Amino acid sequence: MGGTRRPCRLPAAPGRITIGLLEALAIRLARLEYTVPAQDLTISLRRIPARPRSDFEITGVRAPAPVGD
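The rules we used
Residues numbered from 1 in each chain as written. Predicted model: local features only at pLDDT ≥ 70, side-chain atom pairs only at ≥ 80, totals over all residues. Heavy atoms only, no water. Helix = DSSP H or I, 4+ residues; strand = E, 2+ residues; numbered from the N terminus. Buried < 20%, exposed > 50% of the residue type's maximum accessible area, 1.4 Å probe, protein only. Salt bridge = Lys/Arg side-chain N within 4 Å of Asp/Glu carboxyl O. Contact = heavy atoms within 4.5 Å.

1. Some remarks on unusual backbone geometry
Residue P49 is bonded to the preceding I48 through a cis peptide linkage, with omega at 0°. Looking at where P49 falls in the secondary structure, it is placed in the loop between β1 (33-35) and β2 (59-62). The phi dihedral of D55 falls on the positive side, at around 60°, and the residue is not glycine. Examined against the element boundaries, D55 turns out to sit in the loop between β1 and β2. Relative accessible area serves as the criterion here: at 37%, D55 is assigned to the partly exposed category.

2. Things to note about the pattern of salt bridges
With the rule as written, the count across this model stands at three salt bridges. Of the charged contacts in the structure, one is a salt bridge between R51 and D55, with a shortest N-O distance of 3.1 Å. By relative accessible area, which is 40% here, R51 ends up partly exposed.

3. Observations concerning the environment of R53
Looking at where R53 falls in the secondary structure, it is placed in the loop between β1 and β2. The spatial distance from the C-alpha of R53 to the C-alpha of T42 is 5.8 Å, given a sequence separation of eleven residues. Excluding residues that lie within four positions of it along the chain, R53 makes contacts with D40, T42 and S44.

None of the figures reported here should be taken as evidence of function without further support.
Written out as structure tokens, the structure is:
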């Protein structure tokens, strides 16, 4: 029962992989080019979950032009 504790042998990689993927995805999403058409973005606090009345629509989504190396 007692004795020395051994470190967990499970790899820490799955958590690191997930965080790395999220970081890369966040950067790519932030660089997207898109258009936000006119819409009703008022939010009713009586609705759960609270969200814009017309939802949130984006159009013309495109990846940015690659930057030369």
